[in-house]
Structures are given as structure tokens and as C-alpha cells.
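# Summary of structural features
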Amino acid sequence: MEVQRVKLGDLIDRFGGHLIGSPDIEVCGIAPLVDAKDDQVSFLSNAKFRSEASSSIAAALILSEADDQAIGQIYTGARIVTPHPYVYFARAAQHFFDLNAPKEEFGVHPTAFVHASASVSPRASVGPHAVIEAGAVIEEGVVVRAGVVIGRGVVIGAGSLLHSNVTVYDYCEIGKRCILHAGAVIGADGFGFANEQGKWIKIPQTGRVLIGDDVEIGANTCIDRGALADTIIEEGVKLDNQIQIGHNCHIGAHTAMAGCVGVAGSAKIGKYCTFGGAAMIAGHLTIVDHVHISPGTLVPRSILEPGQYSGFYPMAKHAEWEKSAVILRNLSSLRDKLRHLEKSIKSFSEKSL
Amino acid sequence: MEVQRVKLGDLIDRFGGHLIGSPDIEVCGIAPLVDAKDDQVSFLSNAKFRSEASSSIAAALILSEADDQAIGQIYTGARIVTPHPYVYFARAAQHFFDLNAPKEEFGVHPTAFVHASASVSPRASVGPHAVIEAGAVIEEGVVVRAGVVIGRGVVIGAGSLLHSNVTVYDYCEIGKRCILHAGAVIGADGFGFANEQGKWIKIPQTGRVLIGDDVEIGANTCIDRGALADTIIEEGVKLDNQIQIGHNCHIGAHTAMAGCVGVAGSAKIGKYCTFGGAAMIAGHLTIVDHVHISPGTLVPRSILEPGQYSGFYPMAKHAEWEKSAVILRNLSSLRDKLRHLEKSIKSFSEKSL
Amino acid sequence: MEVQRVKLGDLIDRFGGHLIGSPDIEVCGIAPLVDAKDDQVSFLSNAKFRSEASSSIAAALILSEADDQAIGQIYTGARIVTPHPYVYFARAAQHFFDLNAPKEEFGVHPTAFVHASASVSPRASVGPHAVIEAGAVIEEGVVVRAGVVIGRGVVIGAGSLLHSNVTVYDYCEIGKRCILHAGAVIGADGFGFANEQGKWIKIPQTGRVLIGDDVEIGANTCIDRGALADTIIEEGVKLDNQIQIGHNCHIGAHTAMAGCVGVAGSAKIGKYCTFGGAAMIAGHLTIVDHVHISPGTLVPRSILEPGQYSGFYPMAKHAEWEKSAVILRNLSSLRDKLRHLEKSIKSFSEKSL
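Worth saying up front: this structure is predicted, and the values here are computed from it rather than measured.

What follows concerns the overall build of chain A. Helix and strand counts for chain A come out as six helices and 39 strands. The C-alpha atoms of chain A give 27 Å as radius of gyration, which overshoots the globular expectation for 353 residues (20 Å, by more than 25%). With respect to the three principal axes, the spread of C-alpha positions in chain A is 90 × 65 × 35 Å. For chain A, the proportion of its 353 residues judged to be buried stands at 55%. Sequence-distant contacts, at least 24 apart, represent 20% of the contacts inside chain A between residues at least 6 apart.

Attention now moves to the sheet that holds strand E18 (residues 173-174) of chain A. Sheet strands line up and pair through hydrogen bonds in the backbone, either parallel or antiparallel. Residues and elements named next belong to chain A. Spatial strand order, E9-E12-E15-E18-E23-E26-E29-E32-E35: nine strands in an open sheet with parallel pairing. Strands at the two margins of the open sheet, each flanked by one partner only, are strand E9 (119-120) and strand E35 (286-287). Summarising the sheet, strand E26 (residues 231-233) and strand E29 (residues 250-251) pair through two bridges and their orientation is parallel. Across the sheet, the residue bridging to Ile 233 is Ile 251, located in E29.

Bringing the relation of the copies chain C and chain B into the picture now. Superposing chain C onto chain B takes a rotation of 120° combined with a translation of 0.0 Å along the rotation axis, leaving an RMSD of 0.1 Å. Such a combination of rotation and displacement between the chain copies is what one expects of a three-fold axis.

Attention now goes to helix H4 (residues 85-100) of chain A. Taking 1.5 Å as the rise per residue, H4(A) with 16 residues should run 22 Å; its terminal C-alpha atoms sit 22 Å apart, in good agreement. Every buried residue of H4(A) is accounted for by Pro85(A), Val87(A), Tyr88(A), Phe89(A), Ala90(A), Arg91(A), Ala92(A), Ala93(A) and Phe96(A).

Our focus in this paragraph is the interface of chain C and chain B. Listed by partner, the interface residues are 60 residues for chain C and 59 residues for chain B. Contributions of two or more residues to the side of chain C that touches chain B are made by helix H4 (85-100), strand E39 (316-317), helix H5 (318-329) and helix H6 (331-352) of chain C. Residue composition of the side of chain C that touches chain B, grouped by class: 32 nonpolar, 21 polar and seven charged. Taken together, the two bridges between strand E38 (residues 307-310) of chain B and E39(C) define a ladder with antiparallel strand orientation. Each residue of the ladder has a partner; that of Tyr309(B), found in E39(C), is Lys317(C).

So, on to the packing of helix H1 (residues 8-15) of chain A against H4(A). Residue and element names in this part refer to chain A. Running from amino to carboxyl end, H1 crosses H4 at an angle of 115°, the nearest separation of the two axes being 11 Å. As for the relative orientation of H1 and H4, their crossing is right-handed in sense. Between H1 and H4, the contacting residues are Leu 11, Arg 14 and Phe 15 on the first element and Tyr 88, Arg 91, Ala 92 and His 95 on the second. For the contact of H1 with H4, a count of residues per class yields four nonpolar, one polar and two charged.

So, about the sheet that holds strand E37 (residues 298-299) of chain B. Residue and element names in this part refer to chain B. One open sheet accounts for ten strands, arranged E8-E11-E14-E17-E20-E25-E28-E31-E34-E37; its pairing is parallel. Because the sheet does not close on itself, it has two edges, and the strands there are strand E8 (113-114) and E37. Two elements, E8 and strand E11 (residues 131-132), share two bridges in a ladder whose sense is parallel. Bridging from a neighbouring strand, Phe 113 pairs with Val 131 of E11.

We now examine the interface of chain B and chain A. Taken together, the contact between chain B and chain A spans 61 residues of the former and 59 residues of the latter. The set of elements that each furnish at least two residues to the side of chain B that touches chain A consists of helix H4 (85-100), strand E39 (316-317), helix H5 (318-329) and helix H6 (331-352) of chain B. In terms of residue class, the side of chain B that touches chain A is made up of 32 nonpolar, 21 polar and eight charged.

All names here are of chain C. Judged from the two bridges that link them, strand E17 (residues 167-168) and strand E20 (residues 185-188) form a sheet pairing that is parallel. Across the sheet, the residue bridging to Thr 167 is Val 185, located in E20. Of the strand pairs in this sheet, E20 and strand E25 (residues 222-224) are connected by three bridges, and their pairing is parallel. Bridge pairing links Ala 188 to Asp 224 in E25.

We now examine the environment of Cys172(C). Along the chain, the position of Cys172(C) falls in the loop between E17 and strand E18 (173-174). The residues contacting Cys172(C), other than those within four sequence positions of it, are Val154(C), Ile186(C), Gly187(C), Arg208(C), Val209(C) and Arg225(C).

Consecutive side chains of a regular strand alternate in pointing toward one face of the sheet and then the other. Relative to strand E38 (residues 307-310) of chain A, strand E36 (residues 291-293) of chain A runs parallel, the two sharing three bridges. Paired with His292(A) across the two strands is Gln308(A), which belongs to E38(A).

Turning to unusual backbone geometry, a few remarks are in order. Working note: non-glycine residues mostly have negative phi, and peptide bonds are mostly trans. One non-glycine residue, His129(A), lies in positive phi territory at about 60°. For His129(A), the location among the structural elements is in the loop between strand E10 (125-126) and strand E11 (131-132). Look at His129(A) and you get buried, because 30 C-beta atoms sit within 10 Å. The phi dihedral of His290(C) falls on the positive side, at around 60°, and the residue is not glycine. By the C-beta count within 10 Å, which is 17 here, His290(C) ends up partly exposed.

This paragraph deals with the environment of Glu139(B). All names here are of chain B. Counting through the fold element by element, Glu 139 comes out in the loop between strand E12 (137-138) and strand E13 (143-144). By C-beta crowding, Glu 139 is classed as partly exposed, having 18 other C-beta atoms within 10 Å. Not counting residues within four places of it along the chain, the set of residues in contact with Glu 139 comprises Ser 121, Ala 124, Ile 156, Gly 157 and Ala 158.

Residues and elements named next belong to chain B. Locating Asn 248 in the fold gives a position in the loop between strand E28 (244-245) and strand E29 (250-251). Between the C-alpha atoms of Asn 248 and Arg 225, which are 23 residues apart in sequence, the distance is 6.9 Å. Beyond its immediate sequence surroundings of up to four residues, Asn 248 is in contact with Gly 190, Gly 207, Gly 226, Ala 227, Ala 229, Thr 231, Gly 265 and Ser 266.

A separate point is the confidence of the model for chain A. For any part of a model where pLDDT is low, the fine detail of the predicted coordinates should not be relied upon. Per-residue pLDDT for chain A has a mean of 95; in total, 99% of the residues score no lower than 70. For this predicted complex, the interface score ipTM comes out at 0.96, while the overall pTM is 0.97.

Rules of the game
Residues numbered from 1 in each chain as written. Chains lettered and ligands numbered in written order. Predicted model: local features only at pLDDT ≥ 70, side-chain atom pairs only at ≥ 80, totals over all residues. Helix = DSSP H or I, 4+ residues; strand = E, 2+ residues; numbered from the N terminus. Rg over C-alpha atoms; globule rule 2.2 N^0.38 Å. Buried ≥ 20, exposed ≤ 12 C-beta atoms within 10 Å, placed from the backbone. Contact = placed C-beta atoms within 7 Å. Pairing = 2+ DSSP bridges. Least-squares fit on C-alpha atoms with pLDDT ≥ 70 in both. Expected span 1.5 Å × (residues − 1). Nonpolar A, V, L, I, M, F, W, Y, C, P; charged D, E, K, R; others polar. Axes fitted to C-alpha atoms, helices over the stretch in contact; angles between N-to-C directions. Left-handed = near helix turned anticlockwise from the far one by under 90°. pLDDT = per-residue confidence, 0-100.

This is how it looks when you write it as C-alpha cells:
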């Protein structure tokens, strides 16, 4: 397939920035500083790579004002000066990607099953062996890939992309321009049981999952439906792979979670938060906006002040770890000895006075 | 769809309890104290919500004897007095749910594939694009949703529900009234290899997974088949999402595990245990009945005494954590200094005597 | 189904070893020492089980020279003496397994969908409702089970086995003789976003996943495609279930990871490493060959020296843990008190001199 070429002037028209060089230069993609070819664009988003940028053979370089002043005279290609080169890179890369992506064909694949009462936009794409159950609504521009199962009464907002083998349970709603990666499960029952003399009596999970616009959900990530009320994921949330979100959680807009994070039920998490990989959040707590949790940290209680929070055991060579772990287990005896010493010292002091 | 109404007298007939009020009052569902409408039931399972209960407009309230004595004169609706209001709520909620759930249609969907040698009860439901391989047995009342794959010789016990895109490998057996959520994988090969000069030689995994009655398995949870013997999950076990159970594990009846728990191979876990989210259990160990593991805790060795066990790093503001983590890594030097001080003090004492 | 029988002499011809006993003895499988029947083989791979081996009724025993000298005169069956009995067991067990496994039928199941431009070897097997997209190549001997989705331009190397409901995204490549377990997702987008005033701008993930020969990938494990370059899994790597591998990672040959491990993006991991369950690896770091990480350990930085590394909180009874956790949170105050005491002692010493 021939790669689509783009004029630098066209990038400026779309994404802004100040161009130093000819707007008629044609480029066909974006690549890191050292890999970029002479018909590609590259970008400098960290001043420590200025020397690689200076010697890059890329046709054009996206960079900040400060970096342009430092290396603009050395680098020989065109320059696009912008306050946020990394954001500019992301937008331009997406543009090149869209230009060259295989076009989705509208329509329902003959092997797909669409219930008679479901509504699929004629401008949506439903892949092989996908299943759209009764009453579901698939809006314009939606792409449902192979093997996806959309339950009864589900709504998939315009422009969303569901990769293969995703499952969306009955009555959940997905916003516009969302991306759900393969194997994601939206709306499975929350983990709710009453205990009767040791046995677990199931509490039916009758809430839904409501997902806002522009949310991305990673492969094999699960978001449980609410018990009575709904589980809510606000717009712009980004969840990586293998994440577990319990029932009745509420995750604020533009919060991002790295892989393997777990959130227990009824956690209320603010906007603009970030969670490092494998962070684990207890249920029935509140985390305010702008909280950042380090990887591997268990959050056992509410966090009511923005900032970064951590709590993982520092790695060491096994023998060292073993030594400190033994002492850690007996930390109270260490403290008791210390207290005893303090008393001894005190009595000495008193005696010697 | 019209919501089915139920008389309070009918609830009493089914689930017991002492009714104060008219058995002819009709209700149509169950809701929390503050959300319940005047044709719904609510429940009080924690005395601290007595004031919300008193002012609830619910048509009826499920509550304990003690709570009834406290607020029975204030609350204006009917009351159902029972020793375990939360269990009663679970049962009643399930009843309302079943009444209003869309009825599953018996029969095999025309797009499903059922091998000629498989046996599917005429009173079972097999969804679109489901696959039932050779020799599998699907008993009465089973619901197999879209995209489920049932391997050769598998048995699915009466009344079980397999949500979309579940995979059950060859020869595994699922009990009666089980629920398997979307993406769950039952019977994949255990992780077994012999190491020959650095390379891994696969050990075929020829055991099965045997799952008892009334087990619930969460979305994307995996239970590996045994290496030579079987992996066994006893009746009433409840597993949340994203759990990993290694080969040859044996999990005792009515044990419950929250999301993201991992259990390494050949662990023998007792009955009535609970595991908090992301707890990790080493292999080849024994955990007795009635053990409770806190979230995020790694269990490295057998636990032979009932009780609660914990082991996760306490979360703190990042700067505080960093300070204590540095000291933790050198805990043995702290201890050595303490010992040195003890000696100094001792020598002082002796001198001063 | 009748079980295939094998002569001991045939095992020796295939896998070597020194046979003490008749090569014409026929056996039909392999089993642990105490379970083996008199027409099965067993193996002794740990000297502490010599007494069980001595009294085993197995038709033949695989054991080391040293163990043979210890018990060869007591045990009454045939013996296969080999330097690595456990490896021999693995190979022999695989042989029995292959002999008795149901033969895969070549050909594309009538319910599968294969795009006209895809190339499927006539000696490959494509199961019910599987999907092979445009331009994909399925080599000889490949088995694609039910519900698998193979994206555009994917290559599946000869002899590989893809279990049900696996998803392979566009343009990824899988080597020869690989095994991918159910629900595994290969090539989903890496987690890459630029942040613009709190909002996340997606960076298209245009690299691939390249998987070498003889790799095994567990159920529901995810390997993300690279952002610009590729994610690379070298030959012989073994990944257990529920693992997450971030974009642009490079995992060296014959490295093995137990269940629930997470590896953040751009980690470069050496050959012959092992990772215990739920180990979590930060991104943009290097781990050299022959590094072994204990379960539950978070690796926050590069490891440039082979050896074993650990870092998990030691489990204790809850009350004990709570006590030590409180002290741990205030470890710096403990240290400060110690320093204070040291000074006091020092001033005493000086005074008393």
C-alpha cells in the first residue's frame, strides 16, 4: 500500500505551530530522532536529546522555542516550533496513522448476528461473528470487531471502536469515541454476597456501567456493573490492560491507571489522578482530584489531599532483603529495646547529675 | 416491560420473617433506604442507619428485632423482622431480579456450533456463535451465552450460566448452578516445565479442573488444569474477577477471593477462608479452614492456625515513604547500632557499679 | 478410546538413557511414584522420595545414577538411568500425551471466516467461528481453535497452537511451535498518551509484537504492540496466565514469568531470567541475563548484576503486622531517637574519660 504524504504546511494548518522552512516539503510519517528518515518528521521533547536532534536527518523537527534557540542553527531541516512538542507529536502521529489505516467498511459482516430489535447505524461496521443482542444501539461510525458480544439494550456511542472478543453486558452504555481493547469485559456482576452461616448468598447486581466519552479501556480489563446504583467512568479516563474496577466505583474525568491496577467496590476516585501499575485501591473510600499513586502501592483509606502517595517494599538483593525482613517482623522488639535504652540513659543522667 | 409486583405475604411465605403490616401490600423491587420509592422494599442491616430508615418512604422495611424495637414506632411502612436482614435482602432482591429478568429461550441458536456427539438438554439455551465440542454434556437449565467455547468431553451441570466468551478446555467439569463470567478460562495448561540447561521443556498438563456446585467465577479469571492430578474447586466457592488459580490447587468449600488474587500451583486452601484483593499465595503450601488474608498480602508459607494475616506496606505521602524505605533497606545497620549502644550502656553500668 | 502402549526400548531410542530391564516391556503412561500402576512409568527426581520409589509398583522408573545406586537393588521394576530424570519425565510424558491426544483435523471449519486474501496451509486446522483477516498467513501444522481472531497481515508460524478466544491484532508475528492459551491478547495498543493540560492525547501505537519460536503464553495474558518500534519476545520464553507486557518491551530468550506479573513499557529483560508470581517491573529499565525476581517484588530500577532480588512485606498475624506497620511508618523517628541516644552515650563517654 502506498504511504500517504503530507505537506508541512498542512500540519501547521491542522495543529498550529510556527514553521521555519518550506510549507511545501512533503513528509510521510513520524519517527524517533535517530530512526527518522529524510522524508519523515521527528520531535524533540526532552532537552537532553538535543545532540541527537541536531544530527537527525529527519525532514523536519517538532521542538520547543527553547530547544529551537539552542539547536535551530545546527539542525539542517525544517522546524515546527510549538510550546508542547510531545502533544504535537501525538496529534501528528495520529494524523499519519489515520491517513494510512485500512478504511473500515460500513455494514454488518454476513457472519455477524444482529438481533432484529437492535439498531445498527448504516455508517457503523460490525465484524465477523460479532453478536448484537436485542435492543442494542450502535451509533454512527462505531467499529465492532470480530467476536465482540454486545448485550441487550447496550448503547455504543458514535465513533467508538471495540476490538475483538470484547464483551459488554446488558444495558451498559459506552460514550462516544471510546476504544475498548480485546478481551475487555464491561458490566459483569459485581462481587456481592451476603454471608449466612459461612455460605454466600448472591446479591443480584442490577446497576449498569456508564462510560463517558473518549475513554480508552485496555485489553482484558474488567469493569463491574453496580449492585443497585451504577458504576461510572467519566470522560477521558484511560485504563491500561488487566485492570479490575469493582462495582459502584466512580472514576473522575481524565484519570489514568497503568496496567494491573485493582479498585475494590464503591471507591470514589477524583479527576486528573494517576495510578502506577499494580496499585491496589480498597473499597468504600474517597480519593480527591490530582492524587498520584505510585506503582505497587496499596491504598487502604481515603486520600483527601492532592499529592503523591507511595507504599511498596524496596527491592534488594535477596540476602539483604531477608535480613531486613526478619528485623521488620520484630520491629516492635527493636523499638522496645530502644525505649529500654532511653530509660537507662535517663536514669544514668539523673544519677550523674 | 412491565415490572412484576409481589405481595409482602408472598415474601414471608418464601423467605420467612415476621410481618408487621398487611400481607396484601404489593411491592415491585428493592432499593437502598434513601432511594426506595413507596412501592419498593428497603432494608436496614446496620444500626447506624436507623435515622435514614425511620424516614424512608419505602413500602416495607426488612430489619432486625433490635432495630425494630428502636424505630418500629417511628417508621410508617410495613416491617419484616428477621434475624439476618442483609441475607433476607439478598434473597428478596434475587427474587425480584428473577421475576423481571428476560426469560432465556431454550434451544440452540442457529449460529451456534454443536458437535454431533455433544449432548445438549432440550431445556438448555445455547447462544449465538457458541461452540460445543465433541462429547460435551450440557445439562438442563444451563445457559451458554454468545461466543462461549466448551471443549471436548466437558460437563456443565444443571442450571449453570456461562456468560459470553468464556472458554472451558477439554474434559473439565462444572457443577450445578454455577455462574462463570465473561472471559473466564477454565482448564488452560498449568505452568509446568522441566529446565534443561536453561531451556524449558514442557510437561504436558493432563489433569482436569473440577468445579463443585454453586461456584461463581469472575470475569477474566483463570483456573488451570492439573498436571497429573486435577485442580479442584469445592462447592460454594466465590472468585471475583482477574484471579489466577494455578494447577493442582484445591480450594475448600465456601472460600471467597476478591479481585486480582493469585494462587500458585498445588496450594491447598481450606474452607470458609477469605482473601482480600490482590493477595498472592505461594505454591505447595497448606492454608487451614477459616483463615482470612488481608488485601495485598503475599502468603509465602503454610498457615496452620485460623485467624487474620496481613503483610502489605503501609501507604504514606511519597516523601515520608521514601525516608522510611531508605531506613528499611538498612534496617540491619539500625539494629547493629542499637546492639552497639546496648553494649556501651552495659559497660557503663558495670563500670558505674 | 484405547490407550497407546509404548515399549521401554522405544523410549530409550527416542530420549536416550541407560535401560536396566527388558526393552520389550510395554507401558501406557507416566504417573507419580505412589499413583503409578504396574503398566506405567514413574520417575524419581528428588532423593528424598527414594523410599516411595523403592516400593513403587510402576513398571519402570526413571532415575539418576546416584539414586540408582541407592535403590536399584530394592526396586523391582525396570530402570531408566539418566542424568536428568525430571527432563526425561517431561519428554516421555509429552510423548504419551501426543500419542493419545485426539488428532486435529486439517482444514477450515465451515463456520470459520477466512478472508479471501489470507493464506491458510492445507495442513493447518481452523476451528469453529475462528476469524482470519486479510493477508494473514497460517503456516503448516498450525491449530487455531474456536473463536480465535487473527488480524490483518498476521503470521502464525508452523506448528503453533492458538487456544479458543485468543486475539492477535494486525501485523503481529508468532513464531513456530508456540502455544497461546485462551483469552490471550497479542498486539493491543500500548498505553501511550501525551498530557495536554490534564487531558490525554492518544499516541498511535504503530509497532508490532514479534514472538519467537517455542514461546508459550498463558491464558488472558496481554502483550502490547510497540509505539513506534516493536515489542519483542525472544524464543523459548514462557509466560504464565494474567501477565501484562507493556509496549516496546524486549524479553530475552528462555526467560520465564509466573502468573500475574506486570512489565511496564520499554523494559529490556535479559535471557534466562525468572520472575515469581505478581512481580512488577517498572518501565524503561534494563535487567541483565540470569536475574531471578522473587514473587510479589516490585523492581523499580535496572538490575545490572545477576542474582536473586526480593522485596515483599513479610506476612504476619494481623495484630503483629499492625504493630510493626505503625512503627515502620515512623521509622525515621526511631532512627532519630537512636541517633540521639548515640550522642548521649558519646557525651557520657567523653565526660567519664
